[in-house]
Amino acid sequence: MKTPKIAVLILVPLLGLATWFWYQLPDYLPSNRRYLEMPRVVGTPPVVYAPQPSYQGPPPSEWIRPQDPFPYPIQPGQVGPYEPLYAGPLQYPFACDGEDSGLGQPLIDNQDGFGIRIYATDAKGRHTDEVIGYSKDCLHPTRVRYYYNRAGTREFFPLDEADGDIERISLDGREIDFVVRVETGTINRFIYSIVMLKGPDDRADRPDLSYWNRNLIYQFRGGVGIGHRQGRLRETDLPERRYEQLRRGFAVAYSTGNQTSNHYNIWRAEETALRVKRQFSALYDEPRYTLGVGGSGGAIQQYLIAQNGSGLLDAGLALYAYPDMLTQTIYAFDCELLEYYFDQQASDTWSWPSRRLVAGLNSRNGIHDTRTWLYELAMVVQGRAPRWPLGGSECSHAWRGLTPLVNNPRFVYFSPRFAPEVQRQVHWTHWQDLRSIYGADENGYARQTWDNVGVQYGLQALREGQLSPRTFLHLNANIGGWKPPEQMKQERFWHLNGDDDLFDFSPWSHHNMQLSPDGGRTPAPRSHGDPEAIRAAVRAGLVFSGELPIPIIDLRHYLEPALDMHHASAAFSTRMRLQLHGYADNQLIWMAPKPFDPTDQAFDLLLQWLDAGHRPETAQDACFSKSGELLAEGADVWDGTWNHRPDGACMQHYPIYGTPRTVAGEDLRGDLFKCHLISIDDALNRGLYGAVDMSGYRNRLQRIFPDGVCDYSMPGLGQVTP
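Numbering of residues starts from 1 in every chain and runs along the sequence as written. With pLDDT at 70 or above as the cut-off, local features in this predicted model cover only qualifying residues; side-chain atom pairs require 80 or more to be listed or tallied, and sums for whole chains, interfaces and linings still use all residues. Think of the side-chain values as coming from all heavy atoms in the structure, minus any hydrogens and water.

Caption draft 1: The packing of aromatic side chains, seen in detail. Pairing of aromatic side chains here covers Phe, Tyr and the six-membered ring of Trp, requires ring centres within 6.5 Å, and sorts the geometry by plane angle: under 30 degrees stacked, over 60 edge-to-face, intermediate tilted. One pass over the full model with this rule turns up 33 aromatic pairs. An aromatic cluster is built from Tyr55, Trp63, Tyr86 and Trp267, whose rings are joined through pairwise contacts. Positioned over the ring face of Phe157 is Arg150, at 3.6 Å from the centre of the ring. Two thresholds decide whether a charge sits over a ring: the Lys NZ or Arg CZ must be within 6 Å of the ring centre and within 35 degrees of the ring normal.

Caption draft 2: Broad picture of the packing of helix α6 (residues 328-345) against helix α15 (residues 469-478). Relative orientation of the contacting elements α6 and α15 amounts to 115°, with a least axis distance of 10 Å. Here α6 runs over α15; the crossing is right-handed. Facing Leu338, Tyr341 and Gln345 of α6, the residues of α15 in contact are Thr471, His474, Leu475 and Asn478. Each residue is assigned to one of three groups, with Ala, Val, Leu, Ile, Met, Phe, Trp, Tyr, Cys and Pro labelled nonpolar, Asp, Glu, Lys and Arg labelled charged, and all others, Gly among them, labelled polar. Grouping the constituent residues of the contact of α6 with α15 by class yields 3 nonpolar, 4 polar and no charged. Under this scheme, a helix contributes an axis fitted over its contacting stretch, all axes are lines through C-alpha atoms, and angles between N-to-C directions fall in the 0 to 180 degree range. The secondary structure listing takes helices from DSSP runs of H or I that are at least 4 residues long and strands from runs of E that are at least 2 residues long, numbered from the N terminus. Each crossing gets its hand from how the near helix is turned against the far one by less than a right angle, where anticlockwise is left-handed and clockwise is right-handed. Any pair of residues with heavy atoms lying within 4.5 Å of one another is described as a contacting pair.

Caption draft 3: Spatial organisation of the state of the cysteines. Counting rule for disulfides: a pair of cysteine sulfur atoms within 2.5 Å. Throughout the structure, instances matching the rule amount to 4 disulfides. At a sulfur-sulfur separation of 2.0 Å, the disulfide partner of Cys335 is Cys395. Handedness here is read from the sign of the S-S torsion; for Cys335 and Cys395, about -65°, the answer is left-handed. Separated by 60 residues along the polypeptide, Cys335 in helix α6 and Cys395 in helix α9 (residues 394-399) bring together distant segments of the chain. Here Cys335 matches Cys395 in class, with each residue buried. In this model, Cys675 is linked to Cys710 through a disulfide, with the two sulfur atoms separated by 2.0 Å. On the sign convention where negative is left-handed, the bridge of Cys675 and Cys710, at about -75° about the S-S bond, is left-handed. Linking Cys675 in the loop between α19 (649-653) and β21 (677-678) with Cys710 in strand β22 (residues 709-710), this pair joins segments that are 35 residues apart in sequence. Residue Cys675 is classed as buried on the basis of its relative accessible area, which comes to 11%. Only protein chains enter the area calculation, which uses a 1.4 Å probe; residues under 20% of their type maximum are buried, those over 50% are exposed, and those in between are partly exposed. On the basis of relative accessible area, Cys710 is assigned to the buried category, the value being 4%. Disulfide connectivity for the protein, with bonded cysteines indexed by sequence position, reads 1-2, 3-4, 5-6, 7-8.

Caption draft 4: Main features of the side chain of Ser545. Mapped onto the elements, Ser545 comes out in the loop between α16 (531-539) and β17 (552-557). Classification of Ser545 as buried rests on a relative accessible area of 12%. Discounting chain neighbours no more than four positions away, the residues touching Ser545 are Gln307, Arg577, His581 and Val720.

Caption draft 5: Representation of the packing of helix α4 (residues 266-283) against helix α5 (residues 297-307) in the model. Running from N to C, α4 and α5 cross one another at 80°; their axes reach a closest spacing of 10 Å. Relative to α5, the element α4 is oriented roughly perpendicular. Each of Ile266, Ala269 and Glu270 in α4 lies in contact with α5, whose residues at this interface are Gln301, Leu304 and Ile305. Along the lines of polarity and charge, the residues of the contact of α4 with α5 split into 4 nonpolar, 1 polar and 1 charged. What sets the label is the angle itself: under 35 degrees gives roughly parallel, over 145 gives roughly antiparallel, 65 to 115 gives roughly perpendicular, and the rest give oblique.

Caption draft 6: Structural detail: the sheet that holds strand β4 (residues 156-158). The mixed open sheet is built from 12 strands, whose spatial order is β4-β3-β7-β8-β10-β9-β11-β12-β17-β18-β19-β20. A strand with exactly one partner marks an edge of an open sheet, and here the two such strands are β4 and β20 (630-633). Neighbour-to-neighbour, the strand axes of the sheet open up by a mean angle of 20°, direction not taken into account. Taken together, the 4 bridges between strand β12 (residues 315-319) and β17 define a ladder with parallel strand orientation. Each residue of the ladder has a partner; that of Ala318, found in β17, is Asp554. This element, α4, spans β7 (179-187), β8 (190-197), β9 (215-219), β10 (251-255) and β11 (289-295) of the sheet and lies at about 40° to β8. Packing of α5 onto the sheet brings it into contact with β11, β12, β17 and β18 (587-592), and relative to β11 it is tilted by some 140°. Strands qualify as paired when DSSP identifies two bridges or more between them.

Caption draft 7: Region of the structure containing the pairing of strand β3 (residues 143-149). Across the 7 residues that make up β3, a large majority, 5, are buried. Relative to β4, β3 is paired through 3 bridges, and the arrangement is antiparallel. Looking at β4, one finds that Tyr148 is bridged to Phe157. Where β3 folds back onto β4 in an antiparallel hairpin, the turn is made up of 6 residues, including Gly152, whose phi is positive at roughly 85°.

Caption draft 8: View of the pattern of salt bridges. Only one rule defines a salt bridge in this text: a Lys or Arg side-chain nitrogen within 4 Å of an Asp or Glu carboxyl oxygen. In this structure the tally under the stated criterion is 37 salt bridges. Across the pair Asp177 and Arg168 runs a salt bridge whose closest N-O atoms are separated by 2.8 Å. Of the residues examined, Asp177 reaches a relative accessible area of 34% and is grouped as partly exposed. By relative accessible area, Arg168 is classed as partly exposed at 44%.

Caption draft 9: Representation of the pairing of β7 in the model. In terms of burial, β7 is a largely internal element, 9 of the 9 residues being buried. Along β7, one buried face is formed by Val179, Arg181, Glu183, Gly185 and Ile187 and the opposite face, lined by Val180, Val182, Thr184 and Thr186, is buried too. Of the strand pairs in this sheet, β3 and β7 are connected by 6 bridges, and their pairing is antiparallel. Bridged to Tyr148 within β7 is Val179. As judged from the 8 bridges shared by β7 and β8, these two strands associate in the antiparallel manner. Its bridge partner being in β8, Arg181 is matched across the sheet by Met196. Counting the residues in the hairpin turn of β7 and β8 gives 2 residues, including Asn188, whose phi is positive at 55°.

The quantities given are spatial measurements derived from coordinates; they are silent on function.
Right, dumping it as structure tokens:
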């Protein structure tokens, strides 16, 4: 139902209040206010976008990695290496975050106006107006500080501020002060940190290892990033994040180069982590075991780094894991196309629960948070009545904003970090960040992998009689795809990214979609993924194919009711890939509702596993209650539709949902970028539509799918087979 503009003018002041809460939304949406006070990149070395071939080399698991020529250890006052070994060329422009991390201004590295301005300081260390140079690489010398845990808190403060309030802990029968040594500096231009308990004779240049248990935890972190930023890390961040493990004597290492909200280049992440570990081994000692830990993108890094053969990790604790980032874009890019169809194009009304039939992901009524009201505002300004009852889907609630972040070369959510003339030089996409792998086309734009040619959205619901042929055809005629990068425009997020026109506000980014000009009579064109980019991504180890030579516990809270993007089905996507290659015994799946957190229990089991040299009998798939009660464990507790078996005990407690591709006929493995196509006649003859007779719609199907439809019984482009 269309809404007249007078209604808009009445409703907007009420619904517009929701925008005050926009800054509570995830970091990848454009809450630009906090970036305005950070150093701005005012110039950059020349950015040239020329055609470039895709990666043609062997997979990383077959590499002999180059020797690192840097003379470790990096002593306090020295600067770590910044030229990459194999992770690709240095990326410019590059936004510095050291000052915001408490490290002061970075070192001057040029007088050419590249990077951020470096200012002279007064006697109190405050900036003056005098520019004395520029920093394009954001380097800082290594330093060591000491922090204590204030009794009764989980917070850390400089040791010289202690006033008899230091927490005492018990370690191997000894009572000691909970004081940590924190080393920080830069490696590969990213900020790194190494933390361990301070020994009684610790010196900055010679750590005392008396309280170290000989094991190193390497922290990985998540988010979605496209490069061009150093990342923020304050010296107390790591001690507070790994509080319990530090109490037990573990050492902990981390780099902002291992946070995927800064970039998603797995070569860069691996190389950075290897160099941080070399620093640790040289200055401290070789660890007995190195255990990974991290959530979301931090879990992805563990799976891929283990698969790619660097030898960095001995075991991993993958929290809220996906198998990899790239195969998540396959269904995530579907999300806004589907939501725009449901909200703006459909001739029928789609309730929130009914959207599961086509989107697969959870969707429900009863969501009443600030972003729900904000999206209802978008409905109003686009001339539609608000929906009732209020609700949401995983697509609208969790994945919104990620497609433009990854895919739109005109959009960067931290744009205030760059002068306008710098912004205009860059293609701000994930594809561009890894153009040395994906390659670039004749226009200089990086090739991309996303494809929906032949995908029959809602096919399963059609077969089961839950979707009429008319609705099925209307949906697939209108769904369309995403415009090629050279045709994309700036996002329309209202004042949140500098757009003053409220009536253009679009959370769907529909102006960057390939839409039908006449409501579906002329079918909207689909998107074609680049075959060379797909092959290169698989060759380069960006896709988790299922080879896992180390033990990993896939641990997560059950978040389906919250419409959180970290859906439980991702664990079984990973399991299916592992089964394909015979590595399933190296993965455990543990799940529980909040607040139960068995992290320490998982670390202990991984250490037992490594000590034994094989998977112990106590290492079982399991599920727990929110209070920590073991509900079930064993080999069959997670059986379900994903492996064509009756639901196991844990699956009954914590059921999973699908994705737009699984309800279009693909299985949950989810590693198919570009499907094998068959003609409409072949599809009809093979009974692809089940008991539904679609022969009367043959001509219409051929117009909607001129290239044919997906045949998921055949491997698709990019799928790795044993």
